[in-house]
Amino acid sequence: MSVYLHGLSTALPEYCLDQTEVEQRAKLIFGGKYPQFHRLARSFRSAGINTRHSVVPLDWFSESHGWSERNAAFMIGATALFCDAARSALDASGWSAQSVDCVVTVCSTGIATPSLEAQVHKEMGFRDDIMRVPVFGLGCAGGVSGLSLAQSIAAGRAGFKVLLVVVETCSVSFRADRLQKADIIAAVLFGDGAAAACLSDQAQDTGQQVQLGQGHQKLWPDTLQIMGWDIDETGFGVVFDRSIPDFVTAEFAQATSAALTATGLDHSQIDRYICHPGGAKVVAAIETALKLEPDSLDRERDILRDAGNMSAPTVMFVLKAVLDAGCTGQFMACALGPGFTASYLPIRVKTEQGT
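Residues numbered from 1 in each chain as written. Predicted model: local features only at pLDDT ≥ 70, side-chain atom pairs only at ≥ 80, totals over all residues. Heavy atoms only, no water.

A. A look at the side chain of Thr-256. Among the secondary structure elements, Thr-256 is positioned in helix H9 (residues 244–262). The contact partners of Thr-256, leaving out residues within four places of it in the chain, are Tyr-273, Leu-290 and Tyr-344. (Helix = DSSP H or I, 4+ residues; strand = E, 2+ residues; numbered from the N terminus. Contact = heavy atoms within 4.5 Å.)

B. Summary view of the pairing of strand E6 (residues 162–169). Most of E6 is tucked away, with 8 of its 8 residues classed as buried. Side chains Val-162, Leu-164, Val-166 and Glu-168 of E6 all project onto a buried face; the interleaved residues Leu-163, Val-165, Val-167 and Thr-169 project onto the opposite face, where all are buried too. With 5 bridges joining them, strand E4 (residues 102–106) and E6 adopt parallel strand pairing. Residue pairing across strands places Val-104 opposite Leu-164, the latter belonging to E6. Pairing of E6 with strand E7 (residues 192–200), which is carried by 8 bridges, proceeds in the antiparallel orientation. If you follow Val-165 over to E7, its bridge partner there is Ala-196. (Buried < 20%, exposed > 50% of the residue type's maximum accessible area, 1.4 Å probe, protein only. Pairing = 2+ DSSP bridges.)

C. Local environment of a positive patch on the surface. Taken together, the side chains of Arg-39, Arg-42, Lys-181, Arg-242 and Lys-281 make up a positively charged region of the molecular surface. Mapped onto the elements of the fold, Lys-281 is located in helix H10 (residues 280–289). (Patch = residues over 30% accessible without salt bridge, like charges linked within 9 Å, V, L, I, M, F, W, Y side chains within 5 Å. Areas by Shrake-Rupley, 256 points an atom, 1.4 Å probe, with all protein chains shown as cover. Salt bridge = Lys/Arg side-chain N within 4 Å of Asp/Glu carboxyl O. Lys, Arg positive; Asp, Glu negative; His and termini not counted. Charge placed at Lys NZ, Arg CZ, Asp CG, Glu CD.)

D. The arrangement of the packing of aromatic side chains in detail. Tallied over the full model, the rule gives 12 aromatic pairs. When the ring of Phe-247 is compared with that of Phe-340, the centres are 5.3 Å apart and the planes differ by 85°; the resulting orientation is edge-to-face. With a gap of 93 residues between them, Phe-247 in helix H9 and Phe-340 in the loop between strand E13 (329–337) and strand E14 (341–350) connect regions that are remote in the sequence. In this structure Phe-340 comes out as buried when scored by relative accessible area, which is 1%. (Phe/Tyr/Trp six-rings, centres within 6.5 Å; stacked < 30°, edge-to-face > 60°.)

Printed below as a string of structure tokens:
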């Protein structure tokens, strides 16, 4: 059964952090107690990031925070982002919250039980018989994996209207107590944001038609240490291995070829890859691995420059930018995340004239 994208939206929190100011604040926090900081500080200027957004102000990062405070900030920020993204996607689709049959919520940067879609149930106006599918732990692969899951649900239930909401508040996991290189790199790269998408098996009558195929995943054995969370009394601690760009260069092409074969495609049929921009080095490594022209992943770099790596929703920001530019053809969305996992989703875009 074919599944179509009816509306796609993105949302950013209120606090915009300039990368120069973030570097200056990081120097105040780390400079006197982490000897390697001055060597690593150049990453702030080479990361390809100008601004990021956060659910908490810059001063928040100079204070100590435990689990309770961090998760309280997550709950406030994530629920607000959820509602902003979800309402915009519903408006773009011409759907009401009452018409939604299933909501899939993807998030890995905070703990909410009941989960986020239940927290905002009354505010959003969802029905009391809505199907809830909260998903935790996908990290940066969550945008593509979430779209794949939502596609599968919509394909399995005729007429079902599925709302996917992907929310991450990476900022509240900032750690200055562990003095690890991963924490410096996280301070360089990560921001907050959300994206939402409306899916069903009903095609639009006019305009741009976005058809989602069946997703595919690849999990590499014995790679748990590459990306994820360490968890202690203070909160989440990022695991972000320096080997990621080299791993992408070595492994991503073969994984992508397998994904293309599994979805009935080949590289020559792909008009554009829609990639999660994990960082400037990762984007360049993807271009190398897939033998793409240098700087061909321009929208990925645009999103990275303006919003940083927001983890799961970032690839949906890229997809929206590509669709807003009027691009058509056969796309393949892809992202890497904890596992270590690559997630893929074929996307076919055409206009009412069939191009």
